Amino acid sequence: MLLLLPGPVTTRPDVRAALSQDIAPWDNDFRAFVAGLRGRILRLAGGAGDEHTALPLQGCGHFITEAAVRSFLPPGGRILIPATGAYADRMTRLTREAGRVPVPLPMGLTDSADPAAVAQALAADPSISHVGIVYSETGSGVIHDVQAIGAAVRRAGRRMIVDAVSAFGALPFDIATQPEVDAVVFTANKCLEALPGVGFAVARIDRLLACAGQAGSWSFDLCDIHQQAVKAPGSFRFTPPAQVLAALAVALDHHDAEGRAARLARYTANMRTLYDGLCGLGLTPWLPAARQGPVIVNVHAPADPRWDLQAFVDALKARGILISNFYNTPSPTFRVGCIGAITPEDMAGVVRAMDQALVEIGITRRGALPE
Ligand SMILES: *Cc1c(COP(=O)(O)O)cnc(C)c1O
């Protein structure tokens, strides 16, 4: 089965096979293994051992994002969040529920977040300490310019938290060149092509120490995780998903062998094969080609009155392909992930299967409804 959700993603067999073992998470061998894994993640983010650290947290992407918001903003602290789409909305909600204050920066959903607008909003409100930006907005498929926005944040003397959950491992990121970044957060199960169950923050050590004690949550306190890592490198505070970490190490071997830039090129080729193929079928992608990122393609629902997303999903599933049975755009769409252990050849097969599935569920008008 191809998982094009786009997360969790399709994984390689040896990554999945790493799950089938019993592991003692408090064993000294496992601690050394985790310490090594943290070092590999740190290097992937461009971190330096004395300046930055890679901190693992059990759970999903929302957990590690909330941990970053809680750990670096004090209660009542204010964070500007460009309204890039569904995942900016999620950061906004978890910020508010953590007792911090999200300040939305309205923008067009198909636009790239504008560094000048960020600079202006920061200049207008000195009480905003942070900017929270979604690097790859999985809701829209747009990639935002984290380097340019970071430069605006740096000039304004503020701090930044980057949700790179659907970007890290494919899109470039180098924390050494972005000193305004308090933390970049991501999980194992998207562009790193491993399994769900663990997230990471790569963070500045000086900032972690300066922010100690304000998280208001023991579970989600990155400073506490850092202190544990200093005290006993590779040991977790609470039971870790040991098998998921074992699988991540195998996935990182594949990442090393492929290289980040080649992985991005493969995802871009996947996206292009899909995007052009869908156009060839008479479907209408939601984003113009120039704005379309390599991670996820949203496609307008066909204007045909018989359109039924779940029926389409089921017809694809019968052909070995799983896409999401929900959408994150204001008007009806379906969404297809382009990331994971898949190739442009797989994507060409996906296009053929979509053609058959549309016929099977009786769709004759494939173009989009007028907006
Ligand atoms: C997938 C994703 C998340 C986190 O999702 P979880 O279900 O919590 O793992 C956060 N941000 C972005 C941009 C994502 O794509």
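Residues numbered from 1 in each chain as written. Predicted model: local features only at pLDDT ≥ 70, side-chain atom pairs only at ≥ 80, totals over all residues. Heavy atoms only, no water.

**Q** Lay out the packing of helix H10 (residues 260-280) against helix H12 (residues 344-360) with the relevant residues and their values.
**A** Axis separation between H10 and H12 bottoms out at 8 Å; the angle between their running directions is 25 degrees. Classed by the angle they form, the pair H10 and H12 counts as roughly parallel. For H10 against H12, the interelement crossing comes out right-handed. Together, Ala 269, Asn 270, Thr 273, Leu 274, Gly 277 and Leu 278 of H10 and Pro 344, Met 347, Ala 348, Val 350, Val 351 and Met 354 of H12 make up the contact between the two elements. Broken down by class, the residue content of the contact of H10 with H12 amounts to nine nonpolar, three polar and no charged. (Axes fitted to C-alpha atoms, helices over the stretch in contact; angles between N-to-C directions. Helix = DSSP H or I, 4+ residues; strand = E, 2+ residues; numbered from the N terminus. Parallel < 35°, antiparallel > 145°, perpendicular 65-115°, else oblique. Left-handed = near helix turned anticlockwise from the far one by under 90°. Contact = heavy atoms within 4.5 Å. Nonpolar A, V, L, I, M, F, W, Y, C, P; charged D, E, K, R; others polar.)

**Q** Can you break down unusual backbone geometry residue by residue, with the values?
**A** Omega for the bond connecting Leu 5 with Pro 6 falls within 30 degrees of zero, at 10 degrees, which places this linkage in the cis form. Its place among the elements puts Pro 6 in the loop between strand E1 (2-3) and helix H1 (13-17). Residue Pro 8 is reached from Gly 7 by a cis peptide bond, and omega for that bond is -5 degrees. Mapped onto the elements of the fold, Pro 8 is located in the loop between E1 and H1.

**Q** Help me get a handle on helix H4 (residues 86-97), residues and values and all.
**A** Here H4 spans 17 Å end to end across 12 residues, near enough to the 16 Å set by a 1.5 Å rise per residue. Three or more residues of H4 are buried, namely Ala 86, Tyr 87, Ala 88, Met 91, Thr 92, Leu 94 and Thr 95. Among the structural elements, helix H3 (61-72), strand E3 (78-82), strand E4 (101-105), strand E5 (128-134), strand E6 (159-163) and strand E11 (333-337) are those in contact with the buried residues of H4. Of the residues flanking the end of H4, it is Gly 99, one or two places downstream, whose phi is positive at about 80 degrees. (Expected span 1.5 Å × (residues − 1). Buried < 20%, exposed > 50% of the residue type's maximum accessible area, 1.4 Å probe, protein only.)

**Q** Explain the layout of surface pockets to me, using residue names and the numbers behind them.
**A** Empty space among the atoms can be located by rolling a probe the size of a water molecule over them. By volume, the largest pocket is sized at about 400 Å³. Lining the largest pocket are 27 residues, and of these Gly 61, His 62, Tyr 87, Val 165 and Lys 190 sit closest to its centre. Residue assignment for the lining of the largest pocket shows that the elements contributing at least two residues are H3 and H4. No other element matches the four residues that H4 contributes to the lining of the largest pocket. Classifying every residue of the lining of the largest pocket by side-chain character gives 11 nonpolar, 12 polar and four charged. The residue makeup of the lining of the largest pocket includes at least three contributed by each of domain 1 (12-256) and domain 2 (260-360). (1 Å grid on protein atoms, 1.4 Å probe; cavity = no way out; pocket = protein on both sides within 12 Å on 5 of 7 lines; lining within 4 Å. Points joined across faces, edges and corners; volume = space filled by probe spheres on them. Domains from an automatic or database assignment.)

**Q** I'd like a rundown of the domain arrangement of the protein, residues and numbers included.
**A** The assigned domain composition of the protein is domain 1 (12-256) and domain 2 (260-360). Relative to domain 2, the C-alpha centre of domain 1 lies at a distance of 28 Å. In this assembly, 25 residues from domain 1 lie in contact with 21 residues from domain 2. Around 1900 Å² of area is buried between domain 1 and domain 2 when both sides are counted, 59% of it from carbon and sulfur atoms. (Buried area = accessible area lost by both parts, 1.4 Å probe.)

**Q** Please provide a residue-by-residue account of the environment of Val 351, values included.
**A** By the secondary structure assignment, Val 351 is in helix H12. Along the chain, Val 351 and Leu 278 lie 73 residues apart, while their C-alpha atoms are 6.4 Å from each other.

**Q** Can you break down the site of the ligand residue by residue, with the values?
**A** Near the ligand, the surroundings consist of Cys 60, Gly 61, His 62, Tyr 87, Val 134, Ser 136, Thr 138, Asp 163, Val 165, Ser 166 and Lys 190. In the environment of the ligand, an oxygen atom lies 2.4 Å from a nitrogen or oxygen atom belonging to the side chain of His 62. For the ligand, an oxygen atom lies 2.7 Å from a polar atom in the side chain of Lys 190. Look at the ligand: alone it shows 380 Å² of surface, and the protein chains cover 84% of it. In this structure, the ligand is accommodated by the largest pocket. When grouped by side-chain class, the residues that make up the shell around the ligand number four nonpolar, five polar and two charged. (Near = heavy atom within 4 Å. Polar contact = N/O pair within 3.5 Å; in protein donor to acceptor, adjacent residues only side chain to side chain. Areas by Shrake-Rupley, 256 points an atom, 1.4 Å probe, with all protein chains shown as cover. Sits in = over half its atoms within 2 Å of the grid points.)

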